[in-house]
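Report on the structure
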Amino acid sequence: MKKRILVDMDGVLADVYSRFFELHEKESGVRLTINEVAGMLEADAFPNQRKWVTTPGFFRTVPVMAGSCDGLKLLNHNFEVIVVSMATEFPHSLTDKLLWLHEHFPFISWKQIVFCGNKDLIRADIMIDDHFKNLDNFNGETILYTQPHNMKGTDHRHKTVASWAEIEILFDLNLSKYRNMI
């Protein structure tokens, strides 16, 4: 039986920070750097973040995280993958996120997608997420995907990755080995 792995959307599959930086610069004329926002919550780093994420269409146009398509295919071949997002806080995001997943990750079935308000409700063996609040309460193996808001957090038990290439290494998923399977 394959292990079940939960994979977060925003900050793991979806590159929301690139959109935050872009929108902040467009509205303020100031281009922030990762170092300037490191350790800050998104809402503190980007004063209009809440407005952006509650706007219909925001999540539909977020760029795909580099390497995530091939990486998720590999995970999906080797694990029972569930893509999970705390999307119910932002009702307009539900359709946007579903359409975004179908466009960029068509190999993920609708049966493998969970939109919720609390990830503690979902049982799994492994979780990949960028927020301590989700990983700290998870009973299985935890993998923290590095994003600016978690860069200064040091007191945790989670394995840390900074890219999908590191996830492939962590799970010993050789892309060339599995190329014909994906």
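Our subject is the structure that appears above.
Attention here is on the structure that accompanies the text. This is a predicted model, so every value here is computed, not measured.

Reading the values: the criteria
Residues numbered from 1 in each chain as written. Predicted model: local features only at pLDDT ≥ 70, side-chain atom pairs only at ≥ 80, totals over all residues. Heavy atoms only, no water. Salt bridge = Lys/Arg side-chain N within 4 Å of Asp/Glu carboxyl O. Helix = DSSP H or I, 4+ residues; strand = E, 2+ residues; numbered from the N terminus. Buried < 20%, exposed > 50% of the residue type's maximum accessible area, 1.4 Å probe, protein only. Core = buried A, V, L, I, M, F, W, Y, C linked by side-chain atoms within 4.5 Å. Contact = heavy atoms within 4.5 Å. Pairing = 2+ DSSP bridges. Axes fitted to C-alpha atoms, helices over the stretch in contact; angles between N-to-C directions.

A closer look at the pattern of salt bridges
For the coordinates displayed, the defined rule picks out 10 salt bridges. Across the pair Arg4 and Glu80 runs a salt bridge, and its minimum N-O distance is 2.9 Å. Here the residue Arg4 occupies a position in strand β1 (residues 4-8), and Glu80 occupies one in strand β2 (residues 80-85), the gap between them amounting to 76 residues. Judged by relative accessible area, Arg4 falls into the partly exposed class, the value being 28%. A salt bridge links Lys97 to Asp10; the shortest N-O distance between them is 2.5 Å. A residue pair is termed long-range when its members are at least 10 positions apart, and Lys97 in helix α6 (residues 93-104) and Asp10 in the loop between β1 and α1 (16-28) qualify at 87 residues.

A look at the nonpolar core
With 42 residues, the main nonpolar core has Val7, Leu13, Leu72, Leu75, Trp164 and Phe171 as its most contacted residues. Ranked by residues supplied to this core, first place goes to α1 with 5 residues. Among all residues touching Trp164, those that are not within four sequence positions of it are Val7, Val12, Leu13, Met65, Ala66, Gly67, Ser68, Gly71, Leu72, Leu75 and Tyr145. Among the nonpolar cores identified, the runner-up in size contains 9 residues, and Ile82, Val84, Met127 and Leu144 belong to it.

Quick word on the sheet that holds strand β4 (residues 126-129)
Spatially, the 6 strands line up as an open sheet ordered β3-β2-β1-β4-β5-β6, and their pairing is parallel. Pairing within the sheet leaves two strands with one partner each, and these edge strands are β3 (113-115) and β6 (159-161). Ignoring strand direction, the axes of neighbouring strands in this sheet form an average angle of 20°. Sheet analysis places β1 next to β2, joined by 5 bridges and oriented parallel. Note on β2: the bridge partner recorded for Asp8 is Val84. Helix α5 (residues 68-78) rests against β1, β2 and β4 of the sheet, and its axis sits at about 130° to β2. Contacts from α6 reach β2 and β3 within the one sheet, and its direction differs from that of β3 by about 160°.

So, the pairing of β4
A two-sided burial pattern is seen for β4, the buried positions comprising Ile126 and Ile128 on one face and Met127 and Asp129 on the other. Pairing analysis gives 3 bridges linking β1 to β4, with the strands arranged parallel. If you follow Leu6 over to β4, its bridge partner there is Met127. One ladder, built from 4 bridges, connects β4 with strand β5 (residues 141-145); its direction is parallel. Across the sheet, the residue bridging to Ile128 is Ile143, located in β5.

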